[in-house]
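Read off the chains here:
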Amino acid sequence: MKKFAFGLLVSFIGLVFSAFSFMYAIMNPVSFNGTSNLFTHLSCNDLLFPFILSTAVMLAGVYLCWSEAYQRNIFKR
């Protein structure tokens, strides 16, 4: 149960940071050499690495929750 709560906390923190990065990039659009897309907005606002990192942290938290909820114990009968 402790692992599940930790997974929820990690996924929530990752969700908050990735949502902040996404919203900040959308609210401050940038046009670079005629291209204007999400990748350009994230990279020109220096948010590409934090967005990828926070998304990976969020997915790791979801995996922790999933593995704790659906674990198989082969030693139990």
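Every value quoted in this text rests on a predicted model; they were computed, and no experiment measured them.

A. Quick peek at the packing of aromatic side chains. In total, this model carries three aromatic pairs according to the counting rule given. When the ring of Trp66 is compared with that of Tyr70, the centres are 6.3 Å apart and the planes differ by 50 degrees; the resulting orientation is tilted. Judged by relative accessible area, Tyr70 falls into the exposed class, the value being 60%. Ring-pair connections join several aromatic residues into one group, and the members of that group are Tyr63, Trp66 and Tyr70.

B. Region of interest: the packing of helix 1 (residues 2–27) against helix 3 (residues 48–69). Remark: helix 1 packs on helix 3, axes separated minimally by 7 Å, with the N-to-C direction vectors making an angle of 155 degrees. The orientation of helix 1 with respect to helix 3, classified from their angle, is roughly antiparallel. Considering the relative orientation of helix 1 and helix 3, their crossing is left-handed. Classifying every residue of the contact of helix 1 with helix 3 by side-chain character gives 15 nonpolar, eight polar and two charged.

Rules and cut-offs
Residues numbered from 1 in each chain as written. Predicted model: local features only at pLDDT ≥ 70, side-chain atom pairs only at ≥ 80, totals over all residues. Heavy atoms only, no water. Phe/Tyr/Trp six-rings, centres within 6.5 Å; stacked < 30°, edge-to-face > 60°. Buried < 20%, exposed > 50% of the residue type's maximum accessible area, 1.4 Å probe, protein only. Axes fitted to C-alpha atoms, helices over the stretch in contact; angles between N-to-C directions. Helix = DSSP H or I, 4+ residues; strand = E, 2+ residues; numbered from the N terminus. Parallel < 35°, antiparallel > 145°, perpendicular 65-115°, else oblique. Left-handed = near helix turned anticlockwise from the far one by under 90°. Nonpolar A, V, L, I, M, F, W, Y, C, P; charged D, E, K, R; others polar.

Honestly, that's just the spatial picture; any functional story needs more than this.
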